[in-house]
Amino acid sequence: MTSVPQPYTNDDTSSFAHTSVTQRWPAILEGVTRDLIEASESASGEARDEAVTIASDVGSFISDIAANHELVPLAEDASFTEENLRWQSAPWLYSECYLYRKTQLFFDRSKFWKNYDMFRHSKEQTFFKSSEAVATLADRYVQVASQVTAQLKSDQLALKVLFHELLNTSLWGNATDLSLLVTVNLEELKRLQVAAEDRDKESVLSQDFEGIWKHMWGEKGGRVDFVLDNAGFELYTDLIFALFLLDTGLAEQVVFHPKSQPWFVSDVIPADWAHLLDMLSETSHFPKNPDALHSIVKRLEQVQNEGQLILRPNKFWTTPLPFWEIREGGIHGGDSVWRDLRGSKLVFFKGDLNYRKLTGDVAWPRDTPFKMAIRELAGSGVKIVSLRTIKADVCVGLPPGKDKELERVWAEEHPGKPGISWAWSGNYAVVQAHL
Ligand code: F6P
Ligand code: MG
């Protein structure tokens, strides 16, 4: 088997790891204390005292990171037992997961704040800001659903066009160009889709859509899984995509895999699902297209009640482990996730962090084949699709020379910003599959 490159580490000044440890993480943790103190203002005296203690623990934690202290193994979680690591030089993926796990432990040890979601406030605020896009997509989906007839279900070309549209909406879920989602009929959409394909050619650097569609069409029904990423608008696009799969019979069941604790600020935890449906019903925040939104919420409740849409957390997703552990005998939950995902026709891994874990967050040359970078997972029998907008250094499956070309174009378009990479921008994406 090929040797595995070194992981990205926090002392690598050319990696986003370095910006993370020096700037991003302190700012995120400061936000946690600010929101906690604000939330505690309406709490009882004892709860307020506890909040002050937690805020001070988080404050000391921020100082530990700046002072380059050790990442002491976590007694409460056997997946965080690496020794002799220091904040300013530790592997990026391990230390970033450790950061969220350790912070949650301050809350877990308390009496009043165990179930408090340290990122709820920021997730909510961001979602409210996307109300225009939410309304547009609601309208669009109601229109799509009204076209789903027995005839459409057997029209491979029409279904493929819609599948592509909704897959793209889910891919660009946190920065989607919703200009496509105007009220158009299917013929107009097919024409517009050509424009989307041109955009795809520029921004999607590695594109396995044709194979994914062939797989979906060749095996209708069955179960499709989403290893989720962010709450709010992205979760909403995933839900709409899931409804489409169910409504068209491309899947009989969809399983969503959220995180078990607040994670990487915006990731979905189980409570976010019900909260999303509640928020969508609040006309003060989502005033446009209330009828379309109402019918989507009703339909989502229905598919959930009928067991067609299931939420299934597993603590494996909040370990620091690469997904190479999703295999028979995989440690810290890897084995149970493997047993579960083997039963799926296709598993969508959403977003950047899931991609870092698929590829181990190591410095693969960027033309390494995706299959090689996912290592043991390639032989696990799990059918993998990554829908990822690129926000971190690791990236594989690019044509030879493409990385150099992107670096050159980025440097030309961003003069005066040396040391910042095209790969951190979120402007590009990959749709990569191993089926
Ligand atoms: O690369 C920056 C970053 O914040 C990483 O910490 C993390 O991998 C990613 O972005 C989170 O993005 P996503 O929500 O797409 O996983
Ligand atoms: Mg995320």
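Just above, that's the structure.
The structure presented is a predicted model; accordingly, all values stated were derived computationally and were not measured. (Residues numbered from 1 in each chain as written. Chains lettered and ligands numbered in written order. Predicted model: local features only at pLDDT ≥ 70, side-chain atom pairs only at ≥ 80, totals over all residues. Heavy atoms only, no water.)

Student: Where do I start with the site of ligand 1 in this structure?
Tutor: By nearness alone, 13 residues border ligand 1, and Glu 96, Asp 229, Leu 353, Arg 356 and Lys 391 come closest of all. A distance of 2.9 Å is found between an oxygen atom of ligand 1 and a side-chain nitrogen or oxygen belonging to Arg 24. Bound to the protein, ligand 1 loses 91% of the 390 Å² it would expose on its own. For the shell around ligand 1, the elements supplying multiple residues, two or more each, are helix H1 (16-40), helix H3 (92-108) and helix H14 (351-358). (Near = heavy atom within 4 Å. Polar contact = N/O pair within 3.5 Å; in protein donor to acceptor, adjacent residues only side chain to side chain. Areas by Shrake-Rupley, 256 points an atom, 1.4 Å probe, with all protein chains shown as cover. Helix = DSSP H or I, 4+ residues; strand = E, 2+ residues; numbered from the N terminus.)

Student: I keep staring at unusual backbone geometry and nothing clicks. Help me out?
Tutor: The phi torsion of most residues other than glycine is negative, and most of the peptide bonds are trans. One non-glycine residue with positive phi stands out, namely Asn 68, at about 60 degrees. Checked against the element boundaries, Asn 68 lands in the loop between helix H2 (45-66) and H3. Classification of Asn 68 by relative accessible area gives partly exposed; the value is 25%. Even without being a glycine, His 332 presents a positive backbone phi close to 50 degrees. Among the secondary structure elements, His 332 is positioned in the loop between strand S4 (309-311) and helix H13 (334-341). (Buried < 20%, exposed > 50% of the residue type's maximum accessible area, 1.4 Å probe, protein only.)

Student: Any chance you could explain the pattern of salt bridges here in plain terms?
Tutor: One side chain can pair with another of opposite charge once the charged atoms of both are near each other. For the structure on display, the rule yields 28 salt bridges. Between Arg 327 and Glu 325 there is a salt bridge, with its nearest N and O atoms 2.9 Å apart. For Arg 327, a relative accessible area of 28% corresponds to the partly exposed category. We note a salt bridge from Glu 407 to Lys 404, for which the minimum N-O separation is 3.8 Å. With Glu 407 and Lys 404 both in helix H16 (residues 402-413) and three residues apart, this pair spans about one turn of that helix. Owing to a relative accessible area of 36%, Glu 407 belongs among the partly exposed residues under this scheme. The class for Lys 404 is exposed, based on a relative accessible area of 58%. Linked by salt bridges that have partners in common, Arg 24, Glu 96, Arg 356 and Asp 361 make up one network. (Salt bridge = Lys/Arg side-chain N within 4 Å of Asp/Glu carboxyl O.)

Student: Even after reading the chapter, I still don't get the side chain of Ser 380, so can you show me in this structure?
Tutor: One can find Ser 380 in the loop between helix H15 (370-373) and strand S6 (384-389). Separated by 2.7 Å, the side chain of Ser 380 and the backbone oxygen of Leu 377 make a polar contact. In terms of polar contacts, Ser 380 uses its side chain to reach the backbone amide nitrogen of Val 382, at 3.2 Å.

Student: Sorry if this is basic, but what is going on with the packing of aromatic side chains here?
Tutor: Between two aromatic rings, the relevant description is the distance of the centres plus the angle of the planes. One pass over the full model with this rule turns up 32 aromatic pairs. Aromatic side chains Phe 226 and Phe 241 sit 5.7 Å apart centroid to centroid with 85 degrees between the ring planes, which places their arrangement in the edge-to-face category. Of this pair, Phe 226 sits in strand S2 (residues 223-227) while Phe 241 sits in helix H10 (residues 233-247), and the two are 15 residues apart along the sequence. The buried category is assigned to Phe 226, whose relative accessible area is 0%. According to the relative accessible area criterion, Phe 241 is buried, its value standing at 0%. (Phe/Tyr/Trp six-rings, centres within 6.5 Å; stacked < 30°, edge-to-face > 60°.)

Student: Even after reading the chapter, I still don't get the packing of helix H7 (residues 156-171) against helix H9 (residues 209-218), so can you show me in this structure?
Tutor: Helices that pack against each other are described as a pair by the angle of their axes relative to one another and the distance between those axes. In the contact formed by H7 and H9, the axes pass within 11 Å of each other and the chain directions differ by 120 degrees. The angle between H7 and H9 places the two elements in the oblique class. The element H7 and its partner H9 pack so that their crossing is right-handed. Across the interface between the two elements, Gln 156, Leu 159, Lys 160, Phe 163, His 164 and Leu 167 from H7 touch Phe 209, Glu 210, Ile 212, Trp 213, Met 216 and Trp 217 from H9. Broken down by class, the residue content of the contact of H7 with H9 amounts to eight nonpolar, two polar and two charged. (Axes fitted to C-alpha atoms, helices over the stretch in contact; angles between N-to-C directions. Parallel < 35°, antiparallel > 145°, perpendicular 65-115°, else oblique. Left-handed = near helix turned anticlockwise from the far one by under 90°. Contact = heavy atoms within 4.5 Å. Nonpolar A, V, L, I, M, F, W, Y, C, P; charged D, E, K, R; others polar.)

Student: Can you walk me through the nonpolar core in this structure?
Tutor: A general feature of soluble globular proteins is that nonpolar side chains tend to end up buried together. The biggest cluster of nonpolar side chains holds 77 residues, and the ones touching the most others in it are Trp 317, Ile 326, Phe 349 and Trp 422. Elements represented by at least two residues in this core include exactly H1, H2, H3, H13, strand S5 (346-350), H14, H15 and H16. A total of ten residues in this core trace back to one element, the largest contributor, which is H3. Here Trp 317 is in contact with Val 227, His 257, Pro 258, Lys 259, Trp 263, Phe 323, Ile 326, Val 337, Leu 341, Phe 349 and Lys 357, once residues within four sequence places are set aside. Grouped together as the second largest cluster of nonpolar side chains are 64 residues, Met 216, Val 224, Leu 243 and Phe 244 included. (Core = buried A, V, L, I, M, F, W, Y, C linked by side-chain atoms within 4.5 Å.)

From the geometry alone we can't say anything about function, so treat these as descriptive.
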